[in-house]
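Analysis of the macromolecular model
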Amino acid sequence: MWNFPLVPPTASKEGEAISLLYWTITTIAIVFGTIVLLGAIYLAVRYRASNNAVDRSNATDSDLRIELAWTLIPLVIAMVMFGWAAKLYADIYAPREGYYEVFVIGKQWMWHCQHPNGARENNMLTLPAGRLVKVSLISQDVIHAFSIPAFRVKRDAVPGRYNAMYFTPTKPGVYHLFCTEYCGTKHAEMIGKVVVLPENEFQKWLEKNAPGAIAAAATAATTGSAAAPATGGTLTLAQQGEQVFKALGCNACHLNPNSPVKVPDLTKTWGDTIKLTDGRVVKGDEAYIRESILNPAAKIREGYQNLMPPYQGQVSEEQLVQLIAYIKSLAGASNGGK
Amino acid sequence: MATTTYTGGQKQNYLNWKTTLASWLFTLDHKRIAILYLVSISIFFLLGGLAAGVVRAELATPKGDLLTSDVYNKMFSAHGIIMIFLFLIPSIPAVFGNFLLPLMIGARDVAFPRLNLLSWYVFMAGAACILIAILRGGIDTGWTFYTPYSSSFAKGEVSLAIVGIFLTGFSSIFTGINFLVTIHKMRAPGMTWFRLPLFVWAMYATSLIQVLGTPVVAITLLLVAVERTFRIGIFDPSLGGDPILFQHLFWFYSHPAVYIMILPAMGVISEVISAFSKRRVFGYHFVAFSSLAIAIIGFLVWGHHMYTSGQSMYAGIVFSFLTWIVAIPSAIKTFNWMATIWKGRVHWDTPMLYALGFMGLFVIGGLTGLHLAALATNVYLTDTYFVVAHFHYVMVGGAIMGYLAALHFWWPKMTGRMYPEGWGKLAALLVFVGFNLTFFPQFLLGYMGMPRRYHSYPEEWAVLNLLSTAGSTVLGLGYLLPVIYLTWSLKYGTVVTERNPWGARGLEWELVDTPPDPHNFERTPIVTRPAYDYNHPEEPTGFVPKPRPVVVGGKDG
Amino acid sequence: MSIQELGKQSATLEYTGEVHHHADGILGEQFETLEQQNTAYLIGMWAFIVQEVLFFGAIFTAYAVYRFKYVLEFTLAHHELSVPIGTLNTFVLLFSSYTMARAVRAAMQNRHTKQAFYLLLTFLFAGVFMVNKYFEYGAKFEHHLFPNAYYSAHEIVEHAKAKGELRVVVEDGREMYELGKTIRGEFKPFKKVSPEEFEQRTKLFFGFYFVMTGLHGLHVLVGMIVIAILIGRALIDHMKSKPIADYMPVEMTGLYWHLVDIVWIFLFPLLYLIGR
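What you see is a predicted model; the values in this text were computed from it and never measured. (Residues numbered from 1 in each chain as written. Chains lettered and ligands numbered in written order. Predicted model: local features only at pLDDT ≥ 70, side-chain atom pairs only at ≥ 80, totals over all residues.)

This part is about the overall build of chain B. Summing up its helical and strand segments, chain B has 17 helices and two strands in all. Computed over C-alpha atoms, the radius of gyration of chain B comes to 24 Å, within 12% of the 24 Å expected from 2.2 N^0.38 for 557 residues, which places it in the range of a compact globule. Along the first, second and third principal axes, the C-alpha atoms of chain B reach 75 × 50 × 45 Å. Of all intrachain contacts in chain B linking residues separated by at least 6 positions in sequence, the fraction that spans at least 24 positions is 83%. (Helix = DSSP H or I, 4+ residues; strand = E, 2+ residues; numbered from the N terminus. Rg over C-alpha atoms; globule rule 2.2 N^0.38 Å. Contact = placed C-beta atoms within 7 Å.)

All names here are of chain B. Where helix α9 (residues 243-277) contacts helix α14 (residues 385-415), the two axes come as close as 8 Å, and the packing angle between them is 45 degrees. The orientation of α9 with respect to α14, classified from their angle, is oblique. Handedness of the crossing formed by α9 with α14: left-handed. The segment α9 lies against α14, with Met261, Ile262, Ala265, Val268, Ile269 and Val272 engaging Val394, Met395, Gly398, Ala399, Gly402, Tyr403, Ala405, Ala406 and Phe409. Each residue belonging to the contact of α9 with α14 can be placed in one class, and the counts come to 13 nonpolar, two polar and no charged. (Axes fitted to C-alpha atoms, helices over the stretch in contact; angles between N-to-C directions. Parallel < 35°, antiparallel > 145°, perpendicular 65-115°, else oblique. Left-handed = near helix turned anticlockwise from the far one by under 90°. Nonpolar A, V, L, I, M, F, W, Y, C, P; charged D, E, K, R; others polar.)

As a further point, take the pairing of strand β5 (residues 133-139) of chain A. Residue and element names in this part refer to chain A. Here β5 shows one buried face, formed by Val133, Val135, Leu137 and Ser139, and one open face, formed by Lys134, Ser136 and Ile138. Both strand β1 (residues 100-107) and β5 contribute to a ladder of seven bridges, which runs parallel. Each residue of the ladder has a partner; that of Tyr100, found in β5, is Val133. One ladder, built from five bridges, connects β5 with strand β8 (residues 163-167); its direction is antiparallel. (Buried ≥ 20, exposed ≤ 12 C-beta atoms within 10 Å, placed from the backbone. Pairing = 2+ DSSP bridges.)

This paragraph deals with the interface of chain B and chain A. Bring the parts together and some accessible area is lost; that lost area is often taken as the interface size. Counting from both sides, the interface comprises 74 residues of chain B and, opposite them, 70 residues of chain A. Element by element, the count of residues in the side of chain B that touches chain A is highest for helix α11 (residues 313-341) of chain B, at 14 residues. Per-class residue counts for the side of chain B that touches chain A are 43 nonpolar, 23 polar and eight charged.

Another aspect to go through is the sheet that holds strand β10 (residues 192-197) of chain A. Either a parallel or an antiparallel arrangement is found when strands of a sheet pair, and the pairing is made through backbone hydrogen bonds. All names here are of chain A. Spatial ordering of the open sheet is given by β4-β10-β9-β6-β7, a layout of five strands whose pairing is mixed. The sheet terminates laterally at β4 (124-128) and β7 (153-157), the two strands that pair on one side only. Neighbouring strand axes in the sheet, compared pairwise and without regard to direction, differ in orientation by 20 degrees on average. Sheet topology note: the strand β6 (residues 144-148)/β7 ladder contains five bridges and is antiparallel. Across the sheet, residue His144 finds its bridge partner in β7, namely Ala157.

When the pLDDT values of chain B are averaged, the result is 92; 94% of them are 70 or greater. Low pLDDT (under 50) marks residues 538-557 of chain B, which in the prediction has 30 contacts with non-local residues, meaning those over four places away or in another chain. (pLDDT = per-residue confidence, 0-100.)

Below, the discussion takes up helix α6 (residues 286-294) of chain A. Residues and elements named next belong to chain A. Buried residues of α6: Ile289, Ser292 and Ile293, and no others. Summarising the axial view, the buried residues of α6 lie within an arc of 100 degrees, below the 170-degree limit, and thus occupy one face. Among the structural elements, α7 (317-330) are those in contact with the buried residues of α6. (Arc of directions from axis to C-beta.)

As a further point, take the domain arrangement of chain A. Residue and element names in this part refer to chain A. Each assigned domain of chain A is listed with its residue range as follows: domain 1 (1-46 + 95-201) and domain 2 (210-330). Each of domain 1 and domain 2 has a C-alpha centre, and these two points are 33 Å apart. In this assembly, eleven residues from domain 1 lie in contact with eight residues from domain 2. Where the side of domain 1 that touches domain 2 is concerned, the elements lending two or more residues are β2 (110-114) and β3 (120-122). Within the side of domain 1 that touches domain 2, the residues separate by chemical class into three nonpolar, four polar and four charged. (Domains from an automatic or database assignment.)

For the bond running from Gln108 of chain A to Trp109 of chain A, omega is 0 degrees, close enough to zero to count as cis. Within the secondary structure, Trp109 of chain A is located in the loop between β1 and β2. With omega at -15 degrees, the peptide bond leading from Thr514 of chain B into Pro515 of chain B counts as cis. Structurally, Pro515 of chain B can be placed in the segment after α17 (507-510). At Lys278 of chain B, a position not held by glycine, the phi torsion is positive, near 50 degrees.

Residue and element names in this part refer to chain A. Spatially, β3-β2-β1-β5-β8 is the arrangement adopted by the five strands of the open sheet, whose pairing is mixed. Of all strands in the sheet, those with a lone pairing partner are β3 and β8, marking the two edges. Across this sheet, the average inter-strand angle for adjacent strands is 20 degrees, counted without regard to direction.

Right, let's get into helix α15 (residues 421-447) of chain B. When the terminal C-alpha atoms of α15 of chain B are compared, their 39 Å separation across 27 residues agrees well with the 39 Å that a helix rising 1.5 Å per residue should span. Gly449 of chain B, located one to two residues past α15 of chain B, shows a positive phi value of around 105 degrees. (Expected span 1.5 Å × (residues − 1).)

On to the environment of Ala374 of chain B. Here Ala374 of chain B shows up in the loop between α12 (350-373) and α13 (375-381). Put simply, Ala374 of chain B and Lys491 of chain B are 117 residues apart on the chain and 52 Å apart in space, counted from C-alpha to C-alpha.

Next up on the list: the environment of Ser312 of chain B. Mapped onto the secondary structure, Ser312 of chain B falls in the loop between α10 (284-297) and α11. Considered as a pair, Ser312 of chain B and Glu510 of chain B are 198 residues apart in the sequence and their alpha carbons are 55 Å apart.

All right, on to the confidence of the model for chain A then. Scored by pLDDT, chain A comes out at a mean of 85, with 91% of its residues at no less than 70. Of the regions scoring below 50 in pLDDT, residues 224-233 of chain A engages in six contacts with residues more than four places distant in sequence or in other chains.

Next comes the structure, spelled out in structure tokens:
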């Protein structure tokens, strides 16, 4: 229990520079703080009323030179610190070149990160070590803030505009990711992990998680290859759909009791009469399910928000059929074994 | 005014000369209005403190297991709104400014007694709105009401709370207007600007901020309420609005607001350190002008709350520069206070303990403000517990310690009773220790990246959070003690009848009875000596003039 | 002798009279002289006015920000405001400020009937202003220009089309509005917006319009109530034949009224005139 950290890990180049500045300011603070604290106590003790042995003559109450001294010395220190901090800030946050760009969308209450090759992550961000990274940040609803303490960087995700932050991760590892702008009920649960991998491992990860690759892996899993379940042989359509469901990460939010967001209950979707936010009433049939996977924003169930990312381009028609079969099976429909 | 003896053999004073409820609720006496404020804000402080206790209770363990997220969010919002708008902003101005300003400058009352009473009623109306909003389901936007969450997403009684804050804002504006005019026009003959006690200078600077800053937040919050009702699209990007505009308008007031909270406390500290070192405040002019400097420069730094919002880098640089500058006048004051103690005759009574505590804690708070003024580190520390620790050090370790110092210092003058000194010292110690235990760990947590407004957090931060919660229990006890023994002293405390129990300098000590006569002074004083004139102990204290025959029709001749 | 003069005297002067010449009940107990009281009230009123300037100033700033951002949409929207009524209201208020000033002068001269007369004129002018406002607002409501859930930019679109400042184009199967100007019969486009965006932004304009003129109208109403009270008191003073009446309430109300007028002087061009 007593083995708790007092300082965060420093895992980025910018973080090292900011750390140095932080400790310098802290040292100045400790110096001045000690002077004032100890000084005040010392004076109050030395000149206590009962002490008559101390010289109280010539107790002046104004002295221009000392006033100027204790105005100008702090002023000079202040200007130096201001300049250093401003320069460092400009170096870090001014637009830079030669970066690896990731798009991050914040929405109540999850982070959706998108890599240039199409790889997507929810509440997680995998990055290469040793390369400049640019995060382009935006929000889908209210103001959030993307904070990675280990890198000492933070930026607000504002709806309606992109904000950029630049940093260079240095040490492979797993680090905290927090939302640090209060955004509503589950603000404290809008957390995640930043995974920094050495460059070659990162490349492998990118390949594995590119959309085509995920689809291929999911297909491989459903056609009875190495990742087949214990029953062996081919799976039913619904069981294949279950594999795709997990491979694509749908279970992060759906059918998950610890889901960070409020989602419709998929066990009831098939055959349900669904009232939408725009007032329309639709049937939970194959077309509805297919559309809601590819472009969820088109039909939002009443009482829910537009939170689900679209899977257009990430899932094949074959997999859609499998997913639909799986969702049907959740409702207890009897055509789960086509 | 005849000198009537009342039961208990007490001389007539502002407390006992009329005792009906109506005489209190319709009073025009600045001293009684101060007491009305004292009672009401004490109750609000306890409510806000309760909310804080609930928040700390949840944070004692890493999981969010005590409250639902929703309730927790409403708790920290309630804590912030109550403490800032219903306690800190009125505290010293409305209680001690009201009570002392006319006494310190030699006036019979403030310039506008009826406006003063209206101020209190408007304040109570605002408080009622806020408390009803909290009870009817609460607000979970935080005291900062950031859009578009507050304008388009938050459920709850946001608009009612906004109306409440609007009203308390106007109470603040009226008090500010009253004090500005009082200080300009009601000073006794001979009470020149540079003979004024430094508390008056501090109140003047505070009143400037109240009058100039509050209307901006009033209209801004009004627009949020309009947006909630009519969806006009001023702050919500999905309707074409700009959420950063809200932040600019909000912080334009809310940063100077923190100076409304600290400047009066600094004024109190000047008075207390001077009285308990028996020395004139060192560098009087520098301390007086530093109050004005803080007020003025304080209006120019609001953007330092918005470095990460995406505002332009250049704007950030300008705001950061000015923020470093605004730190300097506070440093000047601190050194001058130390020089006041130097070669003084220091008495370690409770008010002085609070003043010394203020100096230590305010300095820590102010110095950690430097980390936040600096652009590069601010971006890392903003919205973490580092900021929470910083502002609690200045607002609680600073402003509230100043309030408690004032409460103890002027308690005998206000009530005619002395508080029990032993308990006073104990409470001061508990407050100091409890406070540090509560908030120092939060600096460490903030540096490690623990975000604000979280009710759950990673396991590795459990110990520090537990320490913080433990400290808050001690702090709560430290605050509870004065509530008890001060109330106790009203009936059982040593009676004080002498005008100047502390042997201090100032019109309120030298020429005003304890407790004060309803009309403050027997005769209008004429001031001929500088403030804090401890250098001439052999001269008779005060300016009690020799009576001359009364001439009907006005002044002599 | 004034307080300041008393203060400058040497320490030999040690006493000021305790009995106050309370000038027939006008002088507050907290004041020493009438001059002190009057100056105090004036400074207080000015402080209040400064605060009002900041109050309106903040919303003017917000308006300026959005006008700059959505200049075309705001310009088209503000064509719906009636410049004739606005101009009439401007003159009405200016004239009311004149009658107010005359009322203040009459009060200083203790001429109660004259004071009541000019105050009444001011009240009536203010009433005309409010009646005009009523008609203006009514027209807006009728045309669904009040920024609530029933808001519609239809009127604005139609009028803009008629003036050649808006053209409907089709893009990707969706209707878009092209905003521009028709010069010598030729339409020069500046930008394209979707109908939803156009409606949002013009709704924002009317949001500002109603909040700004609404707050101003509220201030006019409050002023009217105070003026009505002053008229009553002037008439009562006249009937009681009071030799000295306190002119300060009228002077302070005058200051307030001039503020209300000045706010309108800024509102009118910013909302009604610019962009024409």
